[in-house]
Amino acid sequence: AVPRTRILATGGASHNKKILQVLSDVFNAPVFTIDTANSACLGSAYRAIHGLVAERNVSLADVVKLALEPRLAVTPTPGAEELYRPLLKRYAELEQKVIYNPASSC
């Protein structure tokens, strides 16, 4: 099954297949790349556009539809999800602990 989530990678690291493969495996999602100038600003620009139209119930997904068509770079390694799923769960728990009680130690 194809996951509904996908990762869009831009910038220098997007040319490193090993880094992209780690992202894909950890988040169990395909990674796509977009070749465009000033790609470091791209995500911020889409978020800014989304902020301008959010009151009209326009989703971020709808805003990003205006983007160049991304190219599939890597897909998750079979079996990697079993390794990373518990680690992602633990990470999310620690993140919530820090967000809601920043003075506590993890």
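Residues numbered from 1 in each chain as written. Predicted model: local features only at pLDDT ≥ 70, side-chain atom pairs only at ≥ 80, totals over all residues. Heavy atoms only, no water.

A.B. asks: What should I look at first to understand the overall build of the protein chain in this one?
C.D. replies: For the protein chain, the helix and strand inventory stands at four helices and three strands. Listing each helix as α and each strand as β along the protein chain from the N terminus yields β-α-β-α-α-β-α. Its C-alpha radius of gyration of 16 Å places the protein chain more than 25% over the 13 Å reference for a compact globule of 106 residues. Summarising its shape, the C-alpha atoms of the protein chain cover approximately 40 × 35 × 30 Å along the three principal directions. Residues classed as buried in the protein chain amount to 22% of the 106 residues present. Summed over its atoms, the accessible surface of the protein chain is roughly 7900 Å², and 59% of this surface lies on carbon and sulfur atoms. For the protein chain, the separation between the mean place of its 12 positive charges and that of its 9 negative charges on side chains is 2 Å. (Helix = DSSP H or I, 4+ residues; strand = E, 2+ residues; numbered from the N terminus. Rg over C-alpha atoms; globule rule 2.2 N^0.38 Å. Buried < 20%, exposed > 50% of the residue type's maximum accessible area, 1.4 Å probe, protein only. Areas by Shrake-Rupley, 256 points an atom, 1.4 Å probe, with all protein chains shown as cover. Lys, Arg positive; Asp, Glu negative; His and termini not counted. Charge placed at Lys NZ, Arg CZ, Asp CG, Glu CD.)

A.B. asks: What is the right way to look at the sheet that holds strand β3 (residues 71-74) in this model?
C.D. replies: Hydrogen bonds between backbone atoms are what pair the strands of a sheet, whose relative direction is either parallel or antiparallel. Pairing in this open sheet of three strands is mixed, and the strands run β1-β2-β3 from one edge to the other. Among the strands making up the open sheet, the edge pair consists of β1 (7-9) and β3. Strand-to-strand twist of the sheet, defined as the mean angle between neighbouring strand axes without regard to direction, takes the value 40 degrees. The sheet contact formed by β1 and strand β2 (residues 31-33) spans three bridges and is parallel. Each residue of the ladder has a partner; that of Leu 8, found in β2, is Phe 32. (Pairing = 2+ DSSP bridges. Axes fitted to C-alpha atoms, helices over the stretch in contact; angles between N-to-C directions.)

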